[in-house]
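# Survey of secondary and tertiary structure
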Amino acid sequence: MNVRQQAGRFLMPMEQLTRRNFWIIAINSLASFVLSYLIIFYLNQLSYVLTSGMYGYPISVDYASVFFHVEPYQWTHDAVFTIFSSGYVLTFIFGLLMLLGFYYVLPDALPVKVFFFWFVMHAGNYVFGGLLLGNLFTQGLGHVFNWMYLLDTPRMLISLTGFFGLLVISLMAAYWVGISSNAYFVKYNEKMAPFFITAQVFVPYLIGSALLFLYFYPKNMFHERWGWVVLGTMLLIFYSRAQYMQDLLFEEDETRQIRPMKGLIITAIAALIISRLFMSHSFYISWN
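One structure accompanies this document, and this report is about it. Quick caveat: nothing in here was measured; it's all calculated off a predicted structure.

When helices and strands are counted, the chain shows 9 helices and 5 strands. Starting at the N terminus, the α and β elements of the chain follow one another as α-α-β-β-α-α-α-α-β-α-α-β-α-β. Whereas a compact globule of 288 residues would reach a radius of gyration of roughly 19 Å, the chain reaches 21 Å, a difference of no more than 12%. Projected onto its principal axes, the C-alpha coordinates of the chain cover approximately 75 × 45 × 30 Å. Long-range pairs, those at least 24 residues apart, make up 80% of the contacts in the chain between residues at least 6 apart in sequence. Accessible area of the chain: about 14,900 Å², with a carbon and sulfur share of 69%. The average position of the 15 basic charges and that of the 13 acidic charges among the side chains of the chain differ by 10 Å.

An order of β2-β1-β5 is seen for the 3 strands of this open sheet, with the pairing classed as antiparallel. Each end of this open sheet is capped by a strand with a single partner; those strands are β2 (66-68) and β5 (283-285). In this sheet, neighbouring strand axes are inclined to one another by 15° on average, regardless of whether the strands run parallel or antiparallel. Judged from the 3 bridges that link them, strand β1 (residues 59-61) and β5 form a sheet pairing that is antiparallel. What sits directly across from S60, in β5, is Y284. Across the face of the sheet, helix α2 (residues 19-54) comes into contact with β1, β2 and β5 while running at roughly 165° to β1.

Attention now moves to the packing of α2 against helix α7 (residues 193-216). Running from amino to carboxyl end, α2 crosses α7 at an angle of 45°, the nearest separation of the two axes being 8 Å. By the angle class used here, α2 and α7 are oblique. As for how α2 packs across α7, the hand of that crossing is right-handed.

This next bit is on the packing of aromatic side chains. Pairs of aromatic rings are described using the distance from one ring centre to the other and the angle between the two planes. Counted by the stated rule, this structure contains 30 aromatic pairs. Pairing F41 with Y42 gives two aromatic rings, centres 5.0 Å apart and planes at 85°, and the pair type is edge-to-face. Plain terms: the ring middles of Y57 and W75 are 5.1 Å apart, the flat faces sit at 70° to each other, and that makes the pair edge-to-face. Of this pair, Y57 sits in the loop between α2 and β1 while W75 sits in the loop between β2 and α3 (77-105), and the two are 18 residues apart along the sequence. Of the residues examined, W75 reaches a relative accessible area of 16% and is grouped as buried. Site record: aromatic cluster; members linked through ring pairs are Y37, F41, Y42, Y63, Y215 and F216.

Attention now moves to unusual backbone geometry. With omega at 0°, the peptide bond leading from Y217 into P218 counts as cis. For P218, the location among the structural elements is in the loop between α7 and α8 (222-242).

So, about a nonpolar patch on the surface. A cluster of nonpolar side chains, contributed by V89, F92, I93, F94, L96, L97 and L100, occupies part of the molecular surface with about 630 Å² of accessible area. Along the chain, the position of I93 falls in helix α3. The exposure class of I93 is partly exposed, given its relative accessible area of 42%.

Right, let's talk about the nonpolar core for a bit. With 90 residues, the main nonpolar core has F68, W75, W118, M121 and F238 as its most contacted residues. In terms of residue count, α2 provides more of this core than any other element does, 15 residues in total. Not counting residues up to four positions away in its chain, the partners in contact with F238 are S170, A173, A174, V177, I197, V201 and F202.

A full pass over the atoms with the stated rule returns 2 cavities of 30 Å³ or more. Roughly 140 Å³ of internal volume is contained in the largest cavity. In terms of lining, the largest cavity is formed by 14 residues, of which the most central are Y37, S209, L212, E224 and W228. Looking at the lining of the largest cavity, the elements that each hand over two or more residues are α2, α4 (113-137), α7 and α8. Of all the elements, α8 adds the most residues to the lining of the largest cavity, at 5 residues. Per-class residue counts for the lining of the largest cavity are 7 nonpolar, 6 polar and 1 charged.

What follows is about α3. Residues spaced three or four apart along an α-helix point in a common direction, a consequence of the helix completing one turn every 3.6 residues. Here α3 contains 29 residues, and its C-alpha end-to-end distance of 42 Å stays within 8% of the 42 Å for a straight helix at 1.5 Å per residue. Residue S85 marks the point of greatest curvature in α3, where the axis turns by about 40°.

With that settled, the discussion passes to the environment of R256. Note that R256 resides in the loop between β4 (248-249) and α9 (262-278). R256 sits 146 residues away from L110 along the chain, and the two C-alpha atoms are 7.6 Å apart.

Reading the values: the criteria
Every chain begins its residue count from 1, and numbering advances along the sequence as written. Predicted model: local features are reported for residues with pLDDT of at least 70 only, side-chain atom pairs are reported and counted for 80 or more only, and whole-chain, interface and lining totals are derived from all residues. As a convention, hydrogens and water are excluded, and side-chain values are obtained from all of the structure's heavy atoms. What counts as a helix is a DSSP run of H or I of at least four residues, what counts as a strand is a run of E of at least two, and both are numbered from the N terminus. The quantity called the radius of gyration is restricted to C-alpha atoms. Its globule counterpart is 2.2 Å times the number of residues to the power 0.38. Should any heavy atoms of two residues lie within 4.5 Å, those residues are counted as being in contact. All accessible areas in this document rest on Shrake-Rupley with a 1.4 Å probe, and a residue is counted as covered only by the protein chains that are shown. For the purpose of counting charges, residues Lys and Arg are taken to be positive, whereas Asp and Glu are taken to be negative. His and the chain ends are not included. Every charge is mapped to an atom, namely NZ of Lys, CZ of Arg, CG of Asp or CD of Glu. Here a strand pair is declared whenever DSSP counts at least two bridges between the two strands. To obtain each axis, a line is fitted to C-alpha atoms, and for helices this fit is confined to the stretch in contact; angles are then taken between N-to-C directions over 0 to 180 degrees. Should an angle lie under 35 degrees it is considered roughly parallel, over 145 roughly antiparallel, and from 65 to 115 roughly perpendicular; all remaining angles are considered oblique. When the near helix sits turned anticlockwise from the far one by under a right angle, the crossing is termed left-handed; a clockwise turn instead gives a right-handed crossing. Paired rings are identified among Phe, Tyr and Trp, the last through its six-membered ring, by centres lying within 6.5 Å, and are further divided according to the angle between planes into stacked (under 30 degrees), edge-to-face (over 60) and tilted (the rest). Relative accessibility thresholds used throughout: buried, under 20% of the residue-type maximum; exposed, over 50%; partly exposed, between the two (1.4 Å probe, protein chains only). A patch consists of residues exposed above 30% relative accessible area that lack any salt bridge, with like charges linked at up to 9 Å and nonpolar side chains (Val, Leu, Ile, Met, Phe, Trp, Tyr) linked at up to 5 Å. The rule for a salt bridge is simple: a side-chain nitrogen of Lys or Arg has to be within 4 Å of a carboxyl oxygen of Asp or Glu. Definition of nonpolar core: a set of buried residues of the types Ala, Val, Leu, Ile, Met, Phe, Trp, Tyr and Cys, connected through side-chain atoms within 4.5 Å. Grid points spaced at 1 Å and placed over the protein atoms alone form the basis of the search, with a cavity being a set where a 1.4 Å probe fits but cannot get out and a pocket an open set showing protein on both sides within 12 Å along at least five of seven lines. Lining residues have an atom within 4 Å of a point. Grid points are joined across faces, edges and corners, and a volume is the space filled by probe spheres set on the points. Side-chain classes follow a simple rule in which Ala, Val, Leu, Ile, Met, Phe, Trp, Tyr, Cys and Pro form the nonpolar group, Asp, Glu, Lys and Arg form the charged group, and the remainder, Gly included, forms the polar group. Given the number of residues in a helix, its expected span is that number minus one, multiplied by 1.5 Å. Bend at a residue means the angle formed by two fitted axes: the first through the 7 residues ending at that position, the second through the 7 residues beginning there.

This is the structure in structure tokens:
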């Protein structure tokens, strides 16, 4: 390798802020945004199917909705609590595992860490946003709270838990995004922050939210109707914190380069199209 080639491999960050690199970073992040959301959504659909089987409730599921073929008098407190809370518990557990995965790959120059980032953001939005909005709109987890006949004080504490959970994740996201830039750059500072934040976070959020809205249209459920608003608010808090991030300097790594994650991108496109087509017709499951 000659001197010019060596210099090309270790370009200074400001020389890498090109339109081409912007869209490579944005597309990598967009694929992660969409794929992680679909995994969480169908994880919750699976939880509805499995927990309804525990009580012998027939159920229909499709690409956007779930319907229980149960008369109102057949519901019990245990059934409501188990069925409508299991998905949130499962999402919380997987969110923690993905957060651990993010920190595990953090030192390495691997773009795939953006998938872990978006999974944690979506999981946090789903769980803590569910606590906050479910309590207000009596949907999702709100069904559980209604059947528990909670008084105003416990409901307020639940809403505060949801609010502070979203706040903590939003503030931590500034650090996660800044440190994840080591997948592409040798340093991170205020001059390059707008470029990277826009490509890694805001463009994927805007395009990804539109894609997911179209994916679930016209049956957008509770989280699909309100989740993008909550996530947008989280990102505004994230941005207000990200402006005060300290400069970061990373170790040289010969594997570091700005390149598309072809496997992840193809997987996200395939998951988006195939799941929408395969689940376009409702699947009826009877446990009798």
